[in-house]
Amino acid sequence: MNEGVSGTGGHPQRISRFEIREVLGEGAMGVVYRARDPVLERDVALKLIRPERSGEERNRSRFLRECRAAATINHPGVATIYEAGETEDGRLYLASELVEGSTLKDVVDQGRLAPDRVIEIGIQLAEALEAAHAKGAIHRDIKPSNLMLTSDDRIKVLDFGLAR
């Protein structure tokens, strides 16, 4: 099994054992893919650090800090971390729960939310952050694009990239 990044063109076909399905989003540090874990037979969100950032120690440290901070938290309001690793070519990746739904940003962009819904979201967010803080993790980048509303209308906190 190839443990590196394989593929041609703009995006890989495989990262470690994960089979890439599609791009979900891109940020300053990396690209997030929908990927298939053939061992556990489930889809995951797989974040791969950008190649131009892989060689910089401060970026590697930041990425690993995200992985470690998020991995300490076990709460239904925080996306679960499954695995973190490094490919043979030195790129770091993070495999986590694939959260289906819409970002809070997308929901708000569609129109106003009822006040009782805003309160419900606020309570769920506070509970998730309380669980993170209890483990010593401080998110530091809470914004609507880092919050998902699941199909059952629950909040999930994503992207601990600036966590301490």
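Residues numbered from 1 in each chain as written. Predicted model: local features only at pLDDT ≥ 70, side-chain atom pairs only at ≥ 80, totals over all residues. Heavy atoms only, no water.

Concerning the overall build of the protein
Item 1. Per the secondary structure count, the protein includes 4 helices and 10 strands.
Item 2. In sequence order, the protein lays out its α and β elements as β-β-β-β-β-α-α-β-β-β-α-α-β-β.
Item 3. For the protein, whose C-alpha radius of gyration is 16 Å, the value lies close to the compact-globule estimate of 15 Å for 164 residues.
Item 4. For the protein, the C-alpha atoms occupy an extent of roughly 50 × 30 × 30 Å along the three principal directions.
Item 5. Of all 164 residues assigned to the protein, the portion counted as buried reaches 45%.
Item 6. In the protein, of all internal contacts separated by at least 6 residues, the share reaching a separation of at least 24 is 50%.
Item 7. Of the roughly 8,900 Å² of accessible surface on the protein, 49% is carried by carbon and sulfur atoms. (Helix = DSSP H or I, 4+ residues; strand = E, 2+ residues; numbered from the N terminus. Rg over C-alpha atoms; globule rule 2.2 N^0.38 Å. Buried < 20%, exposed > 50% of the residue type's maximum accessible area, 1.4 Å probe, protein only. Contact = heavy atoms within 4.5 Å. Areas by Shrake-Rupley, 256 points an atom, 1.4 Å probe, with all protein chains shown as cover.)

Looking at the pairing of strand β6 (residues 81-86)
Item 1. As judged from the 5 bridges shared by β6 and strand β7 (residues 92-97), these two strands associate in the antiparallel manner. Bridge pairing in β7 links Gly85 to Tyr93.
Item 2. A loop of 5 residues connects β6 with β7, the two strands running antiparallel in sequence, and Gly90 in this loop sits at a positive phi of about 85°. (Pairing = 2+ DSSP bridges.)

Re the pattern of salt bridges
Item 1. Enumeration over the complete set of coordinates arrives at 14 salt bridges.
Item 2. For Asp43, the salt bridge identified is with Arg36, shortest N-O distance 3.4 Å.
Item 3. Judged by relative accessible area, which is 25%, Arg36 ranks as partly exposed.
Item 4. The salt bridge partner of Arg117 is Glu120, with a shortest N-O separation of 3.1 Å. Linking Arg117 with Glu120, this pair stays in helix α4 (residues 115-134), spanning 3 residues, or about one helical turn.
Item 5. Three or more residues joined by partner-sharing salt bridges are found here, namely Glu22, Arg34, Arg36, Asp43 and Glu100. (Salt bridge = Lys/Arg side-chain N within 4 Å of Asp/Glu carboxyl O.)

A closer look at the packing of aromatic side chains
Item 1. A full pass over the atoms with the stated rule returns 1 aromatic pair.
Item 2. Pairing Phe18 with Tyr93 gives two aromatic rings, centres 6.1 Å apart and planes at 65°, and the pair type is edge-to-face. Of the two residues, Phe18 sits in strand β3 (residues 18-26) while Tyr93 sits in strand β7, which places them 75 residues apart along the sequence.
Item 3. Overall, the relative accessible area of 1% leaves Phe18 in the buried class.
Item 4. Directly above the aromatic system of Tyr82 lies the positively charged group of Arg42, at a separation of 3.6 Å from the ring centroid. (Phe/Tyr/Trp six-rings, centres within 6.5 Å; stacked < 30°, edge-to-face > 60°. Lys NZ or Arg CZ within 6 Å of the ring centre and 35° of its normal.)

Brief notes about the nonpolar core
Item 1. Ile73, Leu147, Leu149 and Val157 are the most contacted members of the largest nonpolar core, which has 16 residues in total.
Item 2. For Leu149, the contacting residues outside a window of four places in its chain are Glu100, Gly101, Ser102, Leu104, Val107, Arg117, Ile121, Arg154 and Ile155.
Item 3. Residues Ile20, Ala35, Val44 and Leu46 belong to the second largest nonpolar core, which totals 11 residues. (Core = buried A, V, L, I, M, F, W, Y, C linked by side-chain atoms within 4.5 Å.)

Considering the sheet that holds strand β9 (residues 147-150)
Item 1. Across the sheet, 3 strands lie side by side as β8-β9-β10; this open sheet has antiparallel pairing. One side of each edge strand has no neighbouring strand; the edge strands of this open sheet are β8 (101-103) and β10 (155-157). Here the average twist between neighbouring strands, direction ignored, is 30°.
Item 2. In the sheet, β8 pairs with β9 via 3 bridges, with the strands oriented antiparallel. Bridging across to β9, Gly101 finds its partner in Thr150.
Item 3. Contacting β9 and β10, α4 crosses the sheet at an angle of about 40° to β10. (Axes fitted to C-alpha atoms, helices over the stretch in contact; angles between N-to-C directions.)

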